[in-house]
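A look at the structure
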There are 2 protein chains.
Amino acid sequence: MHGEPEVVDPIAELITNYNELNPAAVEELYEEPSPLEFMRFVTRNTPFVVRGAAADWEATRKWNVGFIKDSLRGETVNVAVTPQGNADSPTRHNDGTLVFAKPWEEQQPIDKFLDYVIAQERAALAKPAGEVRYAQTQNDNLRHEYATLFKDVQRDVPFARIALGAASGPDAINLWIGNSRSVTALHRDNYENLYVQVAGRKRFVLLPPHCQPCVNEQLLPPADYVRSSSSSSMTQTTTADRYPSLLGLELVKPEEAEEAVPFPTWDPDLPDQNSTAYSGLAEPLRVTLEPGDMLYLPCMWYHKVSQSCSAEGICVAVNYWYDMDFRGPLYPLSMFIRSVNSQKRCGRQNPGHGI
Amino acid sequence: MHGEPEVVDPIAELITNYNELNPAAVEELYEEPSPLEFMRFVTRNTPFVVRGAAADWEATRKWNVGFIKDSLRGETVNVAVTPQGNADSPTRHNDGTLVFAKPWEEQQPIDKFLDYVIAQERAALAKPAGEVRYAQTQNDNLRHEYATLFKDVQRDVPFARIALGAASGPDAINLWIGNSRSVTALHRDNYENLYVQVAGRKRFVLLPPHCQPCVNEQLLPPADYVRSSSSSSMTQTTTADRYPSLLGLELVKPEEAEEAVPFPTWDPDLPDQNSTAYSGLAEPLRVTLEPGDMLYLPCMWYHKVSQSCSAEGICVAVNYWYDMDFRGPLYPLSMFIRSVNSQKRCGRQNPGHGI
Ligand SMILES: O=C(O)CCC(=O)C(=O)O
Ligand SMILES: O=C(O)CCC(=O)C(=O)O
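Residues numbered from 1 in each chain as written. Chains lettered and ligands numbered in written order. Predicted model: local features only at pLDDT ≥ 70, side-chain atom pairs only at ≥ 80, totals over all residues. Heavy atoms only, no water.

Residues A:Trp63 and B:Trp63 are the most contacted members of the largest nonpolar core, which totals 110 residues. Those residues in contact with A:Trp63 that sit more than four places away from it in its chain are A:Glu58, A:Ile68, A:Leu142, A:Leu149, A:Asp152, A:Val153, A:Leu175, A:Val198, A:Ala199, A:Val316 and A:Val318. (Core = buried A, V, L, I, M, F, W, Y, C linked by side-chain atoms within 4.5 Å. Buried < 20%, exposed > 50% of the residue type's maximum accessible area, 1.4 Å probe, protein only. Contact = heavy atoms within 4.5 Å.)

Each copy of the chain is related to the other by a rotation around an axis and a translation along that axis. With an axial shift of 0.0 Å and an RMSD of 0.0 Å, the rotation relating chain A to chain B amounts to 180°. The operation mapping one copy onto its partner corresponds to a two-fold rotation axis. Looking at chain A, 100% of its interface residues are interface residues in chain B too, so the copies touch through the same face. (Least-squares fit on C-alpha atoms with pLDDT ≥ 70 in both.)

Here the focus is the sheet that holds strand E10 (residues 191-199) of chain B. All names here are of chain B. Read across the sheet, six strands follow the order E1-E2-E17-E10-E19-E8 without closing on themselves; strand pairing throughout is mixed. Whereas interior strands pair on both sides, the edge strands pair on one side only; in this sheet they are strand E1 (27-29) and strand E8 (172-178). Strand-to-strand twist across the sheet, computed as the mean angle between neighbouring axes with direction ignored, equals 20°. Here E10 runs beside strand E19 (residues 315-323); their pairing, made up of eight bridges, is antiparallel. Residue pairing in the sheet places Val196 in a bridge with Val318 of E19. (Pairing = 2+ DSSP bridges. Helix = DSSP H or I, 4+ residues; strand = E, 2+ residues; numbered from the N terminus. Axes fitted to C-alpha atoms, helices over the stretch in contact; angles between N-to-C directions.)

Our next topic: the sheet that holds strand E16 (residues 285-289) of chain B. By way of backbone hydrogen bonds, the strands of a sheet pair with one another, either parallel or antiparallel. All names here are of chain B. Strand order in the open sheet formed by four strands is E9-E18-E11-E16, and the pairing between neighbours is antiparallel. Strand pairing shows two members of the sheet lacking a second neighbour, strand E9 (184-187) and E16, which therefore form its edges. Across the sheet, the mean angle separating the axes of adjacent strands is 20° when strand polarity is ignored. Both strand E11 (residues 201-207) and E16 contribute to a ladder of five bridges, which runs antiparallel. Residue pairing in the sheet places Arg203 in a bridge with Thr288 of E16.

This paragraph deals with the layout of surface pockets. Taken as a whole, the largest pocket encloses approximately 940 Å³ of empty space. Residue lining of the largest pocket: 50 residues in total, with A:Met39, A:Val42, A:Thr43, B:Val42 and B:Thr43 positioned closest to the centre. For the lining of the largest pocket, the secondary-structure elements that each account for two or more residues are helix H2 (35-44), helix H7 (158-164), strand E19 (315-323) and helix H9 (330-345) of chain A together with helix H2 (35-44), E19 and helix H9 (330-345) of chain B. Classifying every residue of the lining of the largest pocket gives 24 nonpolar, 12 polar and 14 charged. The computed volume of the second largest pocket comes to approximately 600 Å³. A:Phe100, A:His187, A:Arg188, A:Asp189 and A:Phe263 are the residues nearest the centre of the second largest pocket, which is lined by 28 residues in total. (1 Å grid on protein atoms, 1.4 Å probe; cavity = no way out; pocket = protein on both sides within 12 Å on 5 of 7 lines; lining within 4 Å. Points joined across faces, edges and corners; volume = space filled by probe spheres on them. Nonpolar A, V, L, I, M, F, W, Y, C, P; charged D, E, K, R; others polar.)

Turning our attention to the pattern of salt bridges. Per the stated rule, a full pass over the model turns up 44 salt bridges over all chains. When the shortest N-O distance is used, the salt bridge between B:Lys62 and B:Glu58 registers 3.0 Å. Taken together, the residues span about one helical turn, with B:Lys62 and B:Glu58 both in helix H3 (residues 58-62) at a distance of four residues. The salt bridge involving B:Asp70 is made with B:Arg73; its shortest N-O contact spans 2.5 Å. Several salt bridges share partner residues, and in doing so they unite A:Arg203, A:Asp267, A:Asp269, A:Arg286 and A:Lys304 into one network. (Salt bridge = Lys/Arg side-chain N within 4 Å of Asp/Glu carboxyl O.)

Structure (structure tokens):
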């Protein structure tokens, strides 16, 4: 009350105000919302989970290893290969710099891919664990690469299509198949996301868009995992219990420097590492999806995704991406927070008090 | 491209980004939206007008001077009295300071009040014009003070009640009766507002919430217009063509200083006066309501309201205030903009480039 007036840090105040006004947990529904009820969540830009929403989808009931192999017999699928399950992740390069590591992508016969994923999961405690494989192309793969499986899921999420006025349906429908070694690093997408768990479990850690100052975005130059041809996975994995050597994967910076992308480097599960002055104010929401659960992950929310497997040793999910609306306040205000925060980090403004 | 990197001003960038992504005019509908369609506007925090939405309400068809006098015969109503039509406006006090001027409020017989408003409107060009009277209590007056008129309007705006989940209906329903001498100064409310024009016209000038840095908010100490008892309006306006002297109204600062309120001092219709470095970036939306039109004025939008009269010489409107949702990003982000802007104004940050 006396002496120097307290200098309020606008970013700290923003995060604190939001926390006070919003629930500290992901709301759980037990039936799908109506389009209008859904739209209220869109307005609030707030996630929810519908327990059992997809419990009776064919996919949830039928997709086991045998069924997937049968459905895609003779086909190859695009597989993201990394040494640590770190596709699209901030990764330390040999030269000491932090890069945005993109996976090595290769086509693998579906049965070989699945056998590998399962064998690795079963031998999870054995060392060396071997490279990590994740079918995770986010290019509408369920309507293309995996088209024979598509009939077992909804073509669409009607409450979302109707609410968002997305007459032509989702922009992309993606299938994800992997094991517990793959972790999707904290990032955000400019999509409204309906995420459906089919087999195994996924654990989401979520942060709202205004937590940009908490996630320690860095401009990371991209680098690619490259498999040297002398150690091709195809020769090394003719049996599922023989893991290819990690030596085959090398993290290579492109010859011509590609544009660096701003990417979070803070991991809410390791809150003391790479934190910013604001990370401690974030109150991440955590939710685990069981088979048949559906998550609404609102546009621009940061999410980190870890997984555990079904008894068979795989984790399978499907997600629907609907275009977000760039009109209205959310998008420009999110860019505003980034600008304010980056000016602060550049020291153009005094750093405020107390944190 | 060369030399010093351009320093981007986050506030300027915010306003510009928003303008680029959003329509430059108020969307016009010709029938009421469904609750879901309405909710899309709420999500975007974007106004629209429904032309003719209330064209067949009893109010729009029946409320003329005679009808209102008959309905309220023998009753008195609360009237806001100001010298210039400046109720709740930034006003220069005699001592040179800018204050937030609150009107003198008094009970007047409904017929006397209407006769005065009309006579003044008819003699609009005559001087001196006399004090300005506006029935504008924003305390749910249509369900209390003016209860006998309430049956002629909808009890509710169903698409809004359903969309917003406001089972118990609007928080307030307000009646506004005045003439062209009253102007409601630019301000904002924490309500979702459905505004219905009944007689005469209203002209709205609108700015989205993030334009806070454009409106030159100042902490204004409140002051009250007080009528000295020796010049009571009740004695001076027994006939409608005899205007009370302005001398009767004095702008008085309260003995114990009341808390100053942050209030816009920029008027988008006089853009060169009291402007800030950002005012020129604002792109105000303007819309005129004709009798029977309904405006959705989203929560936290700045609005300035001017009016013109029906042939009889009055302007009558009704509005429905629904509680806004303080959850979600809009409210805390709007407070954030104010904080960033006020730190900037206090010089704690360099003022940026170019504007
Ligand atoms: O399932 C995953 O590993 C990541 C999902 C994801 O990032 C998304 O759906 O946007
Ligand atoms: O009609 C007027 O004069 C002002 C209306 C207004 O400010 C409101 O409805 O919030």
